[in-house]
Amino acid sequence: MAKGVFDTKAGSGYDDDITRRYHFPTSSNYLSAARAVVGDWIVYREPQRNNGRRAYIAAAHVARIEPDLSKAKHAYAIIDDFVPFDPLVPFTGADGYWEESLRLVGDPNRVGASLQNKSVRLIADTDFSRIVRAGIAETLAPENAVRLGGARDLRQRNLA
C-alpha cells in the first residue's frame, strides 16, 4: 500500500463524485498508481487550471478499483471514507511544495510541466501526513476536539 494524490476539478468531464468515486483513464501510469493506493489514503488536489483553488482539499480512503463498464479504458477508485479539509491546504507551504517530487524540480516554472499526465500519483508518507495535518489542524486542536468529536476517530484511522 502507498499514499497518493488524485487531482480533481469541477467540470473535468470525468464521472467523479469525490466523496464516493474518482473516475480516471487506465492509460499511462494512472492505473498502476491507483492500484498501489488501494487500502490506503490519498489527498485530493485541485489544480489552478479552470479556476481551481490550487490547493489540497480533502483526504480519502481508497477501498478498491472497479472498471468503468460504460467507458472503455476507464476505471473508478471507490472511496469509502472522505475527510474534507478545513482549512484548504495551499499548493505550496512555508517551506515550498508539499510533495517531494515537486520540491526536486529545479526550475519552479517547470512544476506544472512535471505534473502533466500525473493526475494520479504516489506521494511519500511524510508529505501526505504534513498535508493532512495542515488540512485538519482545526479539528485536531484540543479546544475543538471535544466540540467537534471525530478527532479521536481520525487518529484511530491513522489519518492524522
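Structure: above.
Residue indices follow the written sequence of each chain, beginning from 1 at its first position. The predicted origin of the model limits local features to residues at a pLDDT of at least 70 and limits the giving and counting of side-chain atom pairs to 80 or more, whereas totals for whole chains, interfaces and linings rest on all residues. Water and hydrogen atoms play no part in the side-chain values, which are based on all heavy atoms of the structure.

1. Brief notes about the nonpolar core
Then step 1. The term nonpolar core refers to a set of buried residues drawn from Ala, Val, Leu, Ile, Met, Phe, Trp, Tyr and Cys, joined through side-chain atoms within 4.5 Å. Only protein chains enter the accessibility calculation, which uses a 1.4 Å probe. A residue is then buried if its area is under 20% of the maximum for its type, exposed if over 50%, and partly exposed in between. Phe6, Tyr22, Phe24, Ile42, Tyr44, Val62 and Val120 are the most contacted members of the largest nonpolar core, which has 19 residues in total.
Then step 2. In this analysis, two residues are considered to be in contact whenever any of their non-hydrogen atoms come within 4.5 Å of each other. In this view, Tyr22 contacts Phe6, Asp7, Thr8, Asp16, Tyr44, Ala75, Tyr76, Ala77, Ser119 and Val120; residues no more than four positions away in its chain are not counted.
Then step 3. Membership of the second largest hydrophobic core comes to 14 residues, among which are Phe85, Phe91, Ile123 and Val132.

2. Observations concerning the packing of aromatic side chains
Then step 1. In this scheme Phe, Tyr and Trp rings, the latter by its six-membered ring, pair at centre separations within 6.5 Å, and the angle between planes marks the pair as stacked below 30 degrees, edge-to-face above 60, and tilted otherwise. This model, assessed by the stated rule, comprises 5 aromatic pairs.
Then step 2. Taking the centre distance of 6.3 Å and the plane angle of 70 degrees together, the rings of Phe6 and Tyr44 count as edge-to-face. Remark: Tyr44 occurs in strand S3 (residues 41-46) and Phe6 occurs in strand S1 (residues 3-7); sequence separation between them is 38 residues.
Then step 3. Accessibility expressed as a relative area gives 0% for Phe6, which makes it buried.
Then step 4. Members of the aromatic cluster, each reached through a chain of ring pairs, are Phe6, Tyr22, Phe24, Tyr44 and Phe82.
Then step 5. Placement of a charge over a ring requires the Lys NZ or Arg CZ to be within 6 Å of the ring centre, with the centre-to-atom vector within 35 degrees of the ring normal. In this structure, Lys3 packs its charged tip against the face of Phe128, placed 5.4 Å from the ring centre. Secondary structure is summarised from DSSP: a helix means a run of H or I of at least four residues, a strand means a run of E of at least two, and numbering begins at the N terminus for each.

3. A closer look at the pattern of salt bridges
Then step 1. Criterion for a salt bridge: a side-chain nitrogen of Lys or Arg within 4 Å of a carboxyl oxygen of Asp or Glu. Counted by the stated rule, this structure contains 9 salt bridges.
Then step 2. One salt bridge connects Arg20 with Asp17, and the closest N-O pair in it is separated by 2.8 Å.
Then step 3. The exposure class assigned to Arg20 is partly exposed, which follows from its relative accessible area of 49%.
Then step 4. For Asp17, a relative accessible area of 24% puts it in the partly exposed group.
Then step 5. Measuring nitrogen to oxygen at the nearest pair gives 2.9 Å for the salt bridge that ties Glu46 to Arg53.
Then step 6. Sharing partners across several salt bridges, the network here consists of Lys3, Asp40 and Asp125.

4. Observations regarding the pairing of S1
Then step 1. Of all 5 residues in S1, 5 are buried, a share of seventy percent or more.
Then step 2. DSSP-based pairing: two strands are paired if at least 2 bridges between them are found. Looking at chain direction, S1 and strand S8 (residues 120-123) are connected through 4 bridges and run antiparallel. If you follow Phe6 over to S8, its bridge partner there is Val120.
Then step 3. The sheet contact formed by S1 and S3 spans 4 bridges and is parallel. Within S3, the position partnered with Phe6 by the bridge is Tyr44.

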